[in-house]
Amino acid sequence: VQLQASGGGLVQAGGSLRLSCAASGRTFSDYGMGWFRQAPGKEREFVSAISRSGKTDYTDSVKGRFTISRDNAKNTVYLQMNSLKPEDTAVYYCAAAQVVWGLVARSARAYDAWGQGTLVTVSS
């Protein structure tokens, strides 16, 4: 599966952005999907994931602010980010994992394909 992430940009603290990740090449509904991010000088970290069944998971720092969703008809996964903070600044990557129906994968090692990343910059 090939992934194309978009929607990043520059936003002030407290603002919102919606990231999109379009998949092609394979059956999208066969994949659990995830979002990861990497800030300058830091390791890539898990942000959120959604299973094939629609079950979701979030890292603690974004709970209540970010919402992941998927539209299988459009082969797209979204990350709605509200109440953004400067510490959310990072390159955001979407990823796809061939997992069983209800599994939500937090580990990057579970993911088979990665998008190119989209930069989110939150100014204070």
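Heads up: these notes are all about the structure in this document.

Analysis parameters
- Each chain carries its own residue numbering, running from 1 in the written order of its sequence.
- In view of the model being predicted, local features appear only for residues whose pLDDT reaches at least 70, and side-chain atom pairs are presented and counted only at 80 or more, with totals across whole chains, interfaces and linings using the full set of residues.
- Based on all heavy atoms of the structure, the side-chain values leave hydrogens and waters out of the count.
- Secondary structure is summarised from DSSP: a helix means a run of H or I of at least four residues, a strand means a run of E of at least two, and numbering begins at the N terminus for each.
- Both definitions apply: the radius of gyration is a C-alpha atom measure, and the globule rule equals 2.2 Å times residues to the power 0.38.
- Contacts: residue pairs with any heavy atoms within 4.5 Å of one another.
- Accessibility throughout is a Shrake-Rupley quantity obtained with a 1.4 Å probe, and a residue counts as covered only by protein chains that appear here.
- The term salt bridge refers to a side-chain nitrogen of Lys or Arg lying within 4 Å of a carboxyl oxygen of Asp or Glu.
- Three labels apply to residues, based on accessible area from a 1.4 Å probe with only protein chains included: buried if under 20% of the type maximum, exposed if over 50%, partly exposed otherwise in between.

Bringing the overall build of the protein chain into the picture now. Along the protein chain, the regular secondary structure elements total 0 helices and 11 strands. Across the protein chain, helices and strands are ordered from the amino to the carboxyl terminus as β-β-β-β-β-β-β-β-β-β-β. Scaling as 2.2 N^0.38, a compact globule of 124 residues should have a C-alpha radius of gyration of about 14 Å, and the protein chain matches this with 13 Å. With respect to the principal axes defined by its C-alpha atoms, the protein chain has extents near 40 × 25 × 25 Å. Intrachain contacts of the protein chain at a sequence separation of at least 6 include 60% that bridge at least 24 residues. Surface accessibility of the protein chain: about 6,200 Å² in total, with carbon and sulfur atoms responsible for 46%.

On to the pattern of salt bridges, then. Counting across every chain of the model gives 6 salt bridges. Across the salt bridge formed by glutamate 45 and arginine 37, the nearest N and O atoms sit 2.6 Å from each other. Of the residues examined, glutamate 45 reaches a relative accessible area of 34% and is grouped as partly exposed. Residue classification places arginine 37 among the buried positions, given a relative accessible area of 6%. Within this structure, Arg37, Glu45, Arg65 and Asp88 form a network of salt bridges that share partners.

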